[in-house]
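Residues per chain, in single letters:
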Amino acid sequence: MDLEEAIRALGVVDTHYHVGPELLPRRYDVASLATAARSIHATLVLKNHTYPTSALASLARARHGVRFLGGVVLNRFVGGLNPDAVTGAVSGNRTDVTAPPTSEPPIVVWMPTVHAASHLRVLGHSFDPRWSGCCTGHAPHPPHERRGEPHPLETAVEAFDDAGRPRPELIAVLEVIARTRSRLATGHLSSQEILRLVPLALSIGVPAILITHPHYPSVHLSDGDLRTLTRHPEVFIEHCFAIHTIEEVPLSTLAASIRATGPEQVILSTDFGQVHSDAFPEGTLRYAREIERELAGSISRAELLRMFAHNGARALGIPLVSPW
């Protein structure tokens, strides 16, 4: 069986896929993405920077027969580090709206992305114009001009105070994640924030943590940092194809990182859904081909396939082939 056939037969688990509508154009709504995902029996975690996706995922499971999981990103649109936003997102995670909650899949709770202090400091604005396809290739970012005070939705959501102490609202959010058995993703926090966040979240009882695209400019975790973080078996590294296709980080950098940490706690996701990114599942298949070439001689085909499916399922605490 060649690589593409193996990926199609596997049941890919992509822990990071954008769905619209949103403040910027997206390639898919939940129904059109369901049609695309059904072709290879994929499991996708739906992400949206502005509102929870748990109800969309529940609808897709109930009406379209696909394995979609939802979540919430703790940007200012939902009140920032707001434990009630997590509770609300969990409440929408119900495939059968007439029944009490049973064994639903977990939701993913992302730390701030477009409103993370590190994101705003590094990019200078919230939504990157390249996500809409206006500035791809080697064109520089257009200048971000502000007049007077920034809009309230352009101010940062701070997870830690100036002394590096966790803010009370961060503790409250982590407690809800732990209580509901949700999964934590690190969003666009900085490396130093993530290095503080992970042991704190584990001490509170968060069951699993996804390190969101560690080579994103506002994150910038080193391979040494990733080795430290993955000493905890509950921590998984999510290497996203969009960090190569949009941020222009060489695939050789991602491959070197996988070799440095080993593949056992690595998830390969696309972070796609942009109007100009590859459609699903073509983007996943392309990622598999290109990263396999970069990793040639370093890992086996079986290890590669686990990074596209089994490791994501482990991080989410779900079976690879799900009954939903």
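Residues numbered from 1 in each chain as written. Predicted model: local features only at pLDDT ≥ 70, side-chain atom pairs only at ≥ 80, totals over all residues. Heavy atoms only, no water.

Let us now look at the overall build of the chain. When helices and strands are counted, the chain shows 13 helices and 9 strands. At 18 Å, the chain has a C-alpha radius of gyration in line with the 20 Å of a compact globule built from 324 residues. For the C-alpha atoms alone, the extent of the chain along its principal axes is close to 60 × 50 × 40 Å. Look at the contacts in the chain between residues 6 or more apart in sequence, and 76% of them connect residues 24 or more apart. (Helix = DSSP H or I, 4+ residues; strand = E, 2+ residues; numbered from the N terminus. Rg over C-alpha atoms; globule rule 2.2 N^0.38 Å. Contact = heavy atoms within 4.5 Å.)

Take the pattern of salt bridges next. Using the criterion set out here, one finds 8 salt bridges in the structure. In this structure, Glu 4 engages Arg 8 in a salt bridge whose closest nitrogen and oxygen atoms are separated by 3.4 Å. With Glu 4 and Arg 8 both in helix H1 (residues 3-10), this residue pair falls 4 residues apart, about one helical turn. Residue Arg 286 pairs with Glu 290 through a salt bridge whose shortest N-O separation is 3.0 Å. Pair noted here: Arg 286 and Glu 290 are both in helix H11 (residues 282-294), with a separation of 4 residues, about one helical turn. Assessed through its relative accessible area of 18%, Glu 290 is described here as buried. Connected through shared salt-bridge partners, Glu 4, Arg 8 and Arg 289 make up one network. (Salt bridge = Lys/Arg side-chain N within 4 Å of Asp/Glu carboxyl O. Buried < 20%, exposed > 50% of the residue type's maximum accessible area, 1.4 Å probe, protein only.)

Here we take up H11. Helix length check: H11, at 13 residues, gives a terminal C-alpha distance of 19 Å against a target of 18 Å (1.5 Å per residue), a fit within 8%. All of the buried residues in H11 are Gly 283, Thr 284, Leu 285, Tyr 287, Ala 288, Glu 290 and Ile 291. (Expected span 1.5 Å × (residues − 1).)

Right, let's get into the packing of aromatic side chains. What the rule picks out here adds up to 6 aromatic pairs. The interplanar angle of 90 degrees and the centroid separation of 5.7 Å between the aromatic rings of Tyr 17 and Phe 280 together place this pair among those described as edge-to-face. A residue pair is termed long-range when its members are at least 10 positions apart, and Tyr 17 in strand E1 (residues 13-18) and Phe 280 in the loop between strand E9 (266-269) and H11 qualify at 263 residues. This pair shows no difference in class: Tyr 17 is buried, exactly as Phe 280 is. Ring centres 6.3 Å apart and planes at 50 degrees place the aromatic pair Phe 77 and Phe 127 in the tilted group. Of this pair, Phe 77 sits in the loop between strand E4 (71-73) and helix H4 (83-91) while Phe 127 is found in the loop between helix H5 (117-123) and helix H6 (168-180), placing the two residues 50 residues apart along the sequence. These aromatic residues form a ring-pair network of at least three members: Phe 241, Phe 272, Tyr 287 and Phe 308. Its end group placed over the ring of Phe 160, Arg 196 keeps NZ or CZ at 5.7 Å from the ring centre. (Phe/Tyr/Trp six-rings, centres within 6.5 Å; stacked < 30°, edge-to-face > 60°. Lys NZ or Arg CZ within 6 Å of the ring centre and 35° of its normal.)

With 13 residues, H6 should reach 18 Å at 1.5 Å per residue; the first-to-last C-alpha distance of 19 Å fits that figure. Check the buried side of H6 and you find it contacts H4, strand E5 (108-110), strand E6 (183-185) and helix H7 (191-204). Remark: Arg 181 follows H6 within two positions and exhibits a positive phi of approximately 60 degrees.

Our next topic: the packing of H6 against H7. Contact pair H6 / H7: the axes reach a minimum separation of 9 Å and the direction vectors enclose 50 degrees. Judged on the interaxial angle alone, H7 and H6 are oblique. Like other packed secondary-structure pairs, H6 and H7 cross with a definite hand, here right-handed. Within the contact between the two elements, H6 uses Leu 170, Ile 171, Leu 174, Glu 175 and Ala 178 and H7 uses Leu 197, Leu 200, Ala 201 and Ile 204. Grouping the amino acids of the contact of H6 with H7 by side-chain chemistry returns 8 nonpolar, no polar and 1 charged. (Axes fitted to C-alpha atoms, helices over the stretch in contact; angles between N-to-C directions. Parallel < 35°, antiparallel > 145°, perpendicular 65-115°, else oblique. Left-handed = near helix turned anticlockwise from the far one by under 90°. Nonpolar A, V, L, I, M, F, W, Y, C, P; charged D, E, K, R; others polar.)

The values are spatial; any link to function lies outside them.
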